[in-house]
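The chain contents come next:
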Amino acid sequence: MGYSGFGIIKEGLFGQKGWKPLWRDPAPKARYDAIIIGGGGHGLATAYYLAREHGLTNIAVLEKGHIGSGNIGRNTTIVRANYFLPGNQEFYSHSLKLWEGMERELNYNVMHSQRGLINLFHSDGQRDAFVRRGNAMINQGDDAILLDRDGVRSHLPYLDFDNARFPIYGGLYHPRGGTARHDAVAWGYARGADQRGVDLIQNCEVTGIDIENGVVTGVQTTRGPIKARKVGIVTAGRSGQVAAMAGMRLPIESHVLQAFVTEGLKPVIDHVVSFGMGHFYISQSDKGGLVFGGDLDFYASYAARGNLPMKEHVMEAAMTLMPMIGKARVLRSWGGIMDMTPDGSPIIDTTPTKGLFIDCGWCYGGFKAVPASGFAFAHLMATGQPHATAAKFRLDRFRTGVGLMDEEGTGSQHNLH
Amino acid sequence: MRIECPHCGERDRREFYYVGDAVALARPAPDAGPDAWDDYLHNRDNPAGDTNDLWYHEGGCGAWIVVSRNTVTHAVHRTKLAQKAAS
């Protein structure tokens, strides 16, 4: 079933009774050509691109809960391509291009809104760093505009420009950055994969990975064993547990990242804005809620909820940057489980087990990566070779020290990202 | 989350700096080889449940503390000076 403006008018006239479920609810078959463990954004995108780009349609996505119940439905929805290091740059640039064609390609409204992203800076040193980053973005073929104070003021007149401690010097403007409706991205890819014959199997938890003589042969699940010669692990914060089923220890520690949303307000924040002197970023959803977040709580956690100190930091940063926000009431807050690597960059690679692949380590930046991660992981699973845009996301870079991508420049070590 | 410092008593989490999994208590020998060192520096069990990690009482007495806690519930079971845990 395709969607169109005509269809929406027709359903409006006839009581909205013609809508059908977006995907089937199949029982698992005994055997597939490939299995994706994890029905989040990355897993669904992988299945979609395996079917579309590589003609692999006898595949299954195994999801222990329901589609969209993990980080894909719990993030702050920001889409951008403002990375600095080779390896990350080409990947996120590719991802943004896939975002820009996503709605047309999936025939699904993901409410992708390129409203522009402004990263503020508050010192001369920070300005230099942003000039350099902006040049790197332009060299990659993406867009970056350096704004001075007046330039920022023309976009964001409501900021506290002359804050005594953190005056605003300017900002790096990335006009193609923005937001998207996170759940719709999962639903769009799920529908697209299902239409191409992919089985999306929900409430199906993988409990074991079958390996014979170093070759993967299938998985054990709560809905019975399933055979496959290729298995991809795409389980975000739970990557450690799933990889352990294949005897692997990963360079990953799972941390909690909190996010917040206020009651719905009239349009007030038109862009995505980030503060440069504390970890705080904000945008306004189409429903009107201010969606904002900060840094990790900085301790290993699977609790999917955070503690008060980081809440306090985020609220303080918000009040410092835009005092008007004090009038908004916080509706709710939550936490997601982040698969943190030592250098803060992801992993898309083969494993020591033949036929077993892994896509993980997205840290706190996985949402914008959904299309390109699925694209690259599908390429790797289908051809055995890394895709050019994700060739540097190697699992062994920590062991060799070659090709570490420490975007923040804080050091490649757990607890620093 | 509040953490019991063996010297100072129960304190706010903000007084402590989180170092990570308490792997430092089982540091490989200098000549243990690259695999052992790679595993020690980078790879983690990353358990969903009980774990031991290392915290530094930065805003207090400066002690290194092994905290036994649960990563799912955030319950802190017990704490011990790293000095004693290692010996």
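The structure under discussion appears in the preceding block.
All residue numbers here refer to positions counted from 1 along the written sequence of the relevant chain. Chain A is the first chain written and ligand 1 is the first ligand written, with later ones labelled in order. Residue-level local features of this predicted model are given only where pLDDT is at least 70; pairs of side-chain atoms are given and counted only at 80 or more, and the full residue set underlies all totals for whole chains, interfaces and linings.

J.: How do you make sense of the overall build of chain A when you look at a structure like this?
T.: What counts as a helix is a DSSP run of H or I of at least four residues, what counts as a strand is a run of E of at least two, and both are numbered from the N terminus. From N to C terminus, chain A includes 10 helices and 18 strands. Radius of gyration: over C-alpha atoms. The globule rule applied is 2.2 Å multiplied by the number of residues raised to the 0.38 power. The C-alpha radius of gyration of chain A comes to 22 Å, within 12% of the 22 Å expected for a compact globule of 417 residues. For the C-alpha atoms alone, the extent of chain A along its principal axes is close to 65 × 65 × 40 Å. Three exposure classes are used. Buried residues have 20 or more other C-beta atoms within 10 Å of their own C-beta, exposed residues have 12 or fewer, and partly exposed residues fall in between, all C-beta atoms being placed from the backbone. Considering chain A as a whole, with its 417 residues, one finds that 52% of them fall into the buried category. Long-range pairs, those at least 24 residues apart, make up 74% of the contacts in chain A with a sequence separation of at least 6. We call two residues in contact if the C-beta atoms placed from their backbones are at most 7 Å apart.

J.: So what exactly am I meant to see when it comes to the pairing of strand E10 (residues 215–221) of chain A here?
T.: Residues and elements named next belong to chain A. Any two strands with at least two DSSP-identified bridges between them are counted as paired. Taken together, the 6 bridges between strand E9 (residues 206–212) and E10 define a ladder with antiparallel strand orientation. Each bridged residue has a counterpart across the sheet, and for Ile209 the counterpart in E10 is Val219. Between the antiparallel neighbours E9 and E10 lie 2 residues, among them Asn213 with a positive phi of about 50°. In this sheet, strand E11 (residues 226–233) lies alongside E10 in antiparallel orientation, the contact comprising 2 bridges.

J.: Just checking my understanding: could you explain the packing of helix H3 (residues 88–106) of chain A against helix H9 (residues 370–383) of chain A for this structure?
T.: A pair of packed helices is captured by two measures, namely the crossing angle of their axes and the spacing between those axes. Residue and element names in this part refer to chain A. Where helices are involved, their axes are fitted lines through C-alpha atoms of the stretch in contact, as for all axes, and angles between N-to-C directions lie from 0 to 180°. Axis separation between H3 and H9 bottoms out at 7 Å; the angle between their running directions is 110°. Relative to H9, the element H3 is oriented roughly perpendicular. For the pair H3 and H9, contact is made by Phe91, His94, Ser95, Leu98, Trp99 and Met102 and by Pro371, Ala372 and Phe375, respectively. Gly is put with the polar residues, along with every residue not named as nonpolar or charged; the nonpolar set is Ala, Val, Leu, Ile, Met, Phe, Trp, Tyr, Cys and Pro, and the charged set is Asp, Glu, Lys and Arg. For the contact of H3 with H9, the per-class residue count stands at 7 nonpolar, 2 polar and no charged. Roughly parallel means an angle under 35 degrees; roughly antiparallel means over 145; roughly perpendicular covers 65 to 115; every other angle is labelled oblique.

J.: How do you make sense of the packing of helix H2 (residues 41–54) of chain A against helix H6 (residues 182–195) of chain A when you look at a structure like this?
T.: Residues and elements named next belong to chain A. Here H2 crosses H6 at 30°, and the two axes come no closer than 8 Å. On the basis of their axis angle, the class for H2 and H6 is roughly parallel. Helix-helix and strand crossings are classified by hand; for H2 and H6 the assignment is left-handed. Note on element contacts: H6 touches H2 through Val185, Ala186, Tyr189, Ala190, Gly192 and Ala193, opposite Gly41, Leu44, Ala45, Ala47, Tyr48 and Ala51. Looking at the contact of H2 with H6 residue by residue, the classes come out as 10 nonpolar, 2 polar and no charged. Handedness of a helix crossing follows the sense of rotation of the near helix relative to the far helix, less than a right angle counterclockwise being left-handed and clockwise being right-handed.

J.: Is there a simple way to explain H3 of chain A in this structure?
T.: Residue and element names in this part refer to chain A. Helix span, as expected, comes to 1.5 Å for every residue beyond the first. Between its first and last C-alpha, H3 extends 25 Å over 19 residues, near the 27 Å set by a 1.5 Å rise per residue. The sharpest bend along H3 reaches about 40° and sits at Glu100. Those residues of H3 that fall on the buried side of the exposure criterion are Asn88, Gln89, Phe91, Tyr92, His94, Ser95, Leu96, Trp99, Met102 and Leu106. Residues of H3 that are buried sit in contact with strand E3 (78–79), helix H4 (124–139), H6 and H9. Two axes define the bend at a residue: one fitted to the seven residues ending there, one fitted to the seven starting there, and the bend is the angle between them.

J.: Would you explain the pairing of strand E17 (residues 347–350) of chain A in this entry?
T.: Regular strands show a simple pattern: their side chains alternate between the two faces of the sheet. Residues and elements named next belong to chain A. As paired strands, E17 and strand E18 (residues 356–360) are joined by 4 bridges and run antiparallel to one another. Across the sheet, residue Ile348 finds its bridge partner in E18, namely Asp359. What sits between the antiparallel neighbours E17 and E18 is a turn of 5 residues, in which Gly355 has the positive phi angle 90°.

J.: Is there a simple way to think about the nonpolar core in this case?
T.: The nonpolar side chains of a soluble globular protein tend to be buried with one another. All names here are of chain A. Only buried residues count toward a nonpolar core: Ala, Val, Leu, Ile, Met, Phe, Trp, Tyr and Cys, linked into one set through C-beta atoms within 7 Å. The biggest cluster of nonpolar side chains holds 132 residues, and the ones touching the most others in it are Ile35, Ile37, Ala47, Ile59, Val61 and Ala193. Ranked by residues supplied to this core, first place goes to H9 with 8 residues. Two domains share this core, each providing at least three of its residues, namely domain 1 (21–75 + 182–251 + 343–400) and domain 2 (111–180 + 253–340). Leaving out residues up to four positions away in the same chain, Ala193 has contacts with Leu44, Ala47, Tyr48, Ala51, Val61, Val198 and Leu200. Note that the domain bounds were set by an automatic or database domain assignment.

J.: Any chance you could explain the sheet that holds strand E4 (residues 117–121) of chain A here in plain terms?
T.: The pairing of strands in a sheet comes from backbone hydrogen bonds and takes either a parallel or an antiparallel form. Residue and element names in this part refer to chain A. In spatial order, the strands read E5-E6-E4-E13-E14-E15-E12-E16; together these 8 strands make up an open sheet with mixed pairing. Two strands close off the open sheet at either side, each with one partner strand: strand E5 (145–148) and strand E16 (330–340). With direction set aside, neighbouring strand axes in the sheet form an average angle of 25°. With 10 bridges connecting them, strand E12 (residues 253–264) and E16 associate as antiparallel partners. Following the sheet pairing, Ala259 is matched in E16 by Trp334. Sheet strands in contact with helix H8 (residues 308–321) are E12, strand E13 (272–275), strand E14 (280–284), strand E15 (289–300) and E16, and its direction is about 140° off that of E15.

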